[in-house]
Structures are given as C-alpha cells and as structure tokens.
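Take a look at the letters that make up each chain.
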Amino acid sequence: MSTEHSVLMSSDRLVPRSRCHPITGATRLVGVMGWPVEHSLSPRMHNAAFAALGLDWVYVPFPVRPERLADAVRGLVALGFAGCNATVPHKAALVPLMDELTPIAAATGSVNTIVIRPDGSLLGDSTDGHGFLMDLRAHGVEIGPSANQHGDDPSTIASPGHSVAAPPRHRVLVIGAGGAARAVVYALAEAGARVAVVNRTVAHAEALCRMVAEALPEAELSAHPFPAALPGLAADARLIVNTTSLGLHGDADPLPWDPEIPFWPDQVVYDLIYHVRTPFLRLAEAAGAHAIDGLGMLVYQGARSAALWTGHNEAELAHWMKKELTQ
Ligand code: ATR
C-alpha cells in the first residue's frame with residue numbers, strides 16, 4: 001500500500017483513503033461503550049460494512065467508566081445517536097437504564113445493543129445469542145428439536161395421515177455459567193436444544209438454568225459440576241461450547257476440558273474466544289472434531305445490531321464485517 005493512497009485511521013492501521021467516510025451533518029452515529037474499549041474489533045468491522053454498503057453511518061468507540069454509564073447513555077440520546085453497543089463491563093448495568101427490553105435481554109439480564117428511538121426512548125437488546133446461532137448456521141450446524149447437523153433429518157418429515165414421533169432434541173454441552181454463557185444457553189434452549197451446563201461452581205450453573213427456565217418453561221436444562229461431569233456428558237453431546245475465558249492466554253491457561261476425554265469425528269466444538277486459536281480448539285481439531293472459534297459470533301451479533309439501527313439487510317452487513325476481519 002503506498003502512503004499516497006493511505007491514511008492513518010486508528011492507532012496502528014493503514015486503510016485505503018477511499019474507505020474514509022466523509023462525515024456530514026446528515027451522518028448517523030452509533031458506537032460501542034466499554035471499559036476498556038481500545039481492543040474492540042467492532043469499530044473496524046462496522047465502519048467497513050457501512051463504507052462497503054455506502055451507508056452514511058459512523059461507529060465510534062467510547063471508553064466509559066462504570067460509574068459514568070448512566071451519564072454516557074443520556075449523552076448518546078442528547079447527541080442524537082441512533083444506538084450503541086455495550087461490552088464488558090456494562091452489559092448487566094445497562095438493564096435498569098432501558099425503557100424497554102427484548103425478551104432475551106430481560107431473561108438474561110444483559111444488554112449489548114441499545115436502540116435509541118426517534119422519541120428518545122431506549123430499547124435494550126442482546127444480540128449475542130442470535131450471533132452464536134447464526135454463526136453455527138454459517139458453519140452448517142442447525143440447532144433445533146427436529147434437525148440434524150445439516151438441518152435435513154428425513155425422519156422428521158411428516159406426511160398426511162402419518163404421525164411422526166418427536167425426534168430427540170439436540171444435546172448440547174455448555175462449559176461455564178458466566179455472562180457469556182447466559183446468551184448462549186438461552187439461544188440454544190429457545191432453538192429447542194437440550195442443554196447441559198457444566199461449571200466449576202455448580203450453584204452458578206443452577207442459577208443460570210433457573211433464569212433461562214423462567215423465561216422458557218419448555219426448555220430442557222441441567223446443571224453439573226466441572227470437570228467431574230464432562231466425560232459422561234461429552235459422549236452424548238453433538239455440540240460442545242466453551243464459554244469460559246480459559247484459553248484466552250493460550251497454553252498458559254488450564255484447559256476447560258480433560259484431554260483424556262475423546263471427541264468424535266464431526267462432533268462440533270465451539271469456543272467463544274476469537275482472539276487466539278485456543279488449546280481446547282486445537283485439541284478438538286486434532287481429534288477430527290469440527291472446531292469453530294468465536295469470530296463469526298462477533299460478526300453476526302454486530303450485524304444484527306447494525307441491522308436494528310440502520311434497517312439494512314443483516315446478511316449483507318455480516319458479509320462485509322466478516323470480510324473485514326478475515327482478509
Ligand atoms: P464472562 O462474563 O466472560 O462469561 P465470567 O462471568 O467471569 O466471564 O465467567 C467466567 C466463567 O468461567 C465462569 O463460569 C467461571 O466459573 P465459576 O462460575 O466457577 O467462577 C469459569 N471459570 C473461570 N476460571 C475457571 C477455572 N480456572 N476453571 C474452571 N472454570 C473457570
């Protein structure tokens with residue numbers, strides 16, 4: 001890239017001048033609040049998608065101290081922002097600041113997307129679970145009571161005059177019961193999966209299951225101790241999800257797994273961490289499992305937020321966001 005055709009946009013990245021957005025009085029504003037926020041990939045992926053699609057929108061990162069969160073939200077409304085994302089540590093603290101919550105935000109006590117309506121009222125949503133399911137789908141994995149991995153289980157096709165026995169629900173093993181697990185467990189349960197939550201502090205897993213069951217009474221959820229319950233549950237899980245932060249520091253972290261437990265070929269193993277290919281994913285991959293990191297979840301949760309704000313097609317937004325982060 002020649003200097004002539006580039007400009008320093010963020011702290012350390014050169015991007016083509018053609019991608020610089022001319023900001024005018026008509027430009028719509030959105031962003032992300034976090035503390036810290038400087039490592040967020042969201043500004044990069046949102047602005048790339050807006051530019052590629054010719055949308056007159058700009059996405060700005062905001063370092064917001066936890067004690068200034070309410071002020072920051074009021075500021076967004078006063079400044080005419082269309083909405084904002086939130087990341088650690090603000091997702092739970094935003095809940096009481098909203099005028100209305102979507103069912104998943106209410107049930108999980110977490111807001112990652114604020115939509116500011118024209119009258120200044122605030123809708124709080126959580127797009128993380130949607131992002132997770134969309135990324136699974138993008139990898140050919142459909143979650144549902146009546147779908148196999150490819151969504152085409154012929155035994156579930158009903159014909160007139162024939163009643164078909166309800167197929168077994170997808171069995172999913174979720175490791176961890178923190179903030180990230182809430183969205184994932186809710187989304188899986190809502191999609192019809194049977195979810196076993198395994199956690200070091202089993203009381204946290206029980207509380208998570210209760211929280212989701214309150215909103216989704218049909219859900220089949222169970223709580224188990226980590227790591228003792230892993231071997232029994234792993235054998236029968238079509239999908240295993242790590243929602244803990246173990247692996248964020250690579251080999252320096254303990255595995256959220258017991259390496260003695262085998263994976264089956266084509267078993268789907270998902271790790272929400274996307275900064276690094278975690279030792280857990282590498283282990284699963286080496287055993288022939290379908291190993292997926294959380295980058296796609298980041299993309300799809302962002303695409304959903306951007307679609308809510310702009311009204312633009314979510315799949316197109318996701319396409320450009322993914323392109324930006326994977327090129
Ligand atoms: P997040 O919001 O990113 O999910 P969190 O709320 O701190 O982060 O949750 C971290 C999860 O990782 C929890 O389920 C935690 O287990 P506890 O509920 O017992 O604290 C789990 N976790 C963290 N360190 C762990 C470790 N060394 N071994 C097993 N589980 C661990």
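Above this note sits the structure.
Residues numbered from 1 in each chain as written. Predicted model: local features only at pLDDT ≥ 70, side-chain atom pairs only at ≥ 80, totals over all residues. Heavy atoms only, no water.

Novice: Just checking my understanding: could you explain the layout of surface pockets for this structure?
Specialist: A probe as big as a water molecule, rolled over the atoms, marks out the empty space that is left. What the largest pocket holds in volume is close to 1,600 Å³. Around the largest pocket, the lining comprises 49 residues; the ones closest to its centre are Thr 87, Val 88, Lys 91, Ala 180 and His 275. For the lining of the largest pocket, the secondary-structure elements that each account for two or more residues are β5 (83-86), α5 (179-191) and α9 (295-310). Counting residues per element, the lining of the largest pocket draws most heavily on α5, which supplies five residues. Along the lines of polarity and charge, the residues of the lining of the largest pocket split into 22 nonpolar, 23 polar and four charged. (1 Å grid on protein atoms, 1.4 Å probe; cavity = no way out; pocket = protein on both sides within 12 Å on 5 of 7 lines; lining within 4 Å. Points joined across faces, edges and corners; volume = space filled by probe spheres on them. Helix = DSSP H or I, 4+ residues; strand = E, 2+ residues; numbered from the N terminus. Nonpolar A, V, L, I, M, F, W, Y, C, P; charged D, E, K, R; others polar.)

Novice: In this structure, what is going on with the nonpolar core? I would like to understand it.
Specialist: Considering soluble globular proteins, one finds that nonpolar side chains tend to be buried as a cluster. Grouped together as the largest cluster of nonpolar side chains are 32 residues, with contacts concentrated most on Phe 132, Leu 136, Val 174, Leu 188, Leu 239, Val 241 and Tyr 270. Looking at this core, the elements that each hand over two or more residues are α3 (103-108), α4 (128-138), β9 (171-175), α5, β10 (194-199), α6 (202-215), β12 (239-242) and β13 (268-271). If one sorts the elements of this core by residue count, α5 sits on top with six residues. Each residue touching Leu 239, except ones within four places of it in the same chain, is listed here: Phe 132, Leu 136, Ile 143, Arg 171, Val 172, Leu 173, Leu 188, Val 268 and Tyr 270. Formed by 25 residues, the second largest nonpolar core is a distinct cluster that contains Val 30, Leu 123, Tyr 300 and Leu 325. (Core = buried A, V, L, I, M, F, W, Y, C linked by side-chain atoms within 4.5 Å. Buried < 20%, exposed > 50% of the residue type's maximum accessible area, 1.4 Å probe, protein only. Contact = heavy atoms within 4.5 Å.)

Novice: What exactly am I supposed to notice about the pairing of strand β3 (residues 28-34) here?
Specialist: Along any regular strand the residues' side chains alternate between the sheet's two faces. For β3, a buried count of five out of seven residues is recorded, marking the element as mostly surrounded by other parts of the structure. Bridging between β3 and strand β4 (residues 57-63) involves seven bridges; their strand directions are parallel. Counted as the bridge partner of Gly 34 is Pro 63 from β4. At this point the chain moves from β3, through helix α1 (residues 42-52), to the parallel β4, and the crossover so formed is right-handed. As judged from the two bridges shared by β3 and β5, these two strands associate in the parallel manner. Across the sheet, residue Met 33 finds its bridge partner in β5, namely Ala 86. (Pairing = 2+ DSSP bridges. Right-handed = clockwise from strand over helix to strand, strands pointing away.)

Novice: Looking at this structure, I do not really get the packing of α1 against α9. What am I missing?
Specialist: When two helices pack together, their arrangement is given by the angle between the helix axes and by the axis-to-axis distance. Packing of α1 against α9 leaves a shortest axis separation of 11 Å and a crossing angle of 55 degrees. Compared by their axis directions, α1 and α9 come out oblique. Note that α1 runs across α9; the crossing there is right-handed. Touching Ser 42, Met 45, His 46 and Phe 50 of α1 are Leu 298, Val 299, Gln 301, Gly 302, Ala 306, Trp 309 and Thr 310, all from α9. (Axes fitted to C-alpha atoms, helices over the stretch in contact; angles between N-to-C directions. Parallel < 35°, antiparallel > 145°, perpendicular 65-115°, else oblique. Left-handed = near helix turned anticlockwise from the far one by under 90°.)

Novice: Looking at this structure, I do not really get α5. What am I missing?
Specialist: If you check α5, its first and last C-alpha atoms are 19 Å apart, about what 13 residues at 1.5 Å a residue would give, namely 18 Å. Among all positions in α5, only Ala 181, Ala 183, Val 184, Val 185, Tyr 186, Ala 187, Leu 188 and Ala 189 are buried. Gly 192 lies just past α5 and shows a positive phi near 105 degrees. (Expected span 1.5 Å × (residues − 1).)

Novice: Before we go on, may I ask you to explain the packing of aromatic side chains in this structure?
Specialist: We describe a pair of aromatic rings using the distance from one ring centre to the other and the angle between the two ring planes. Within this structure, the stated rule accounts for seven aromatic pairs. For the ring pair Tyr 59 and Trp 309, a centre distance of 6.2 Å and an interplane angle of 50 degrees mean the geometry is tilted. One end of the pair, Tyr 59, is in strand β4; the other, Trp 309, is in helix α9, with 250 residues separating them in the sequence. Three or more aromatic residues joined by ring pairs make a cluster, and in this case those are Trp 257, Phe 263 and Phe 280. (Phe/Tyr/Trp six-rings, centres within 6.5 Å; stacked < 30°, edge-to-face > 60°.)

Novice: Looking at this structure, I do not really get the side chain of Arg 171. What am I missing?
Specialist: Along the chain, the position of Arg 171 falls in strand β9. The exposure class of Arg 171 is buried, given its relative accessible area of 17%. Polar side-chain contacts of Arg 171 include one of 3.1 Å to the side chain of Asp 236. (Polar contact = N/O pair within 3.5 Å; in protein donor to acceptor, adjacent residues only side chain to side chain.)

Novice: Would you mind showing me how to read the sheet that holds strand β7 (residues 113-116) here?
Specialist: Strand pairing in a sheet relies on backbone hydrogen bonds. The paired strands run either parallel or antiparallel. Taken in spatial order, the six strands of this open sheet run β4-β3-β5-β7-β8-β6, and their pairing is mixed. With one partner strand each, in any of the chains shown, β4 and β6 (100-101) form the two edges of the open sheet. Looking at chain direction, β6 and strand β8 (residues 122-125) are connected through two bridges and run parallel. Across the sheet, Glu 100 pairs through a bridge with Leu 123, a residue of β8. The strands that helix α2 (residues 69-78) touches are β3, β4, β5, β7 and β8; relative to β3, the one it contacts most, it runs at about 175 degrees.

Novice: Quick question: what am I supposed to make of the sheet that holds strand β14 (residues 290-293) here?
Specialist: Spatially, the six strands line up as an open sheet ordered β11-β10-β9-β12-β13-β14, and their pairing is parallel. For this open sheet the edge positions go to β11 (220-225) and β14, each flanked by a neighbour on one side alone. Strand after strand, the sheet turns through a mean of 20 degrees between neighbouring axes, direction not considered. Two elements, β12 and β13, share four bridges in a ladder whose sense is parallel. Counterpart to Ile 240 in the pairing with β13 is Val 269. On the sheet, α4 packs against β12, β13 and β14 and is oriented at approximately 140 degrees with respect to β13. Its contacts with the sheet place α5 against β9, β10, β11 and β12, and it is angled at close to 175 degrees to β9.

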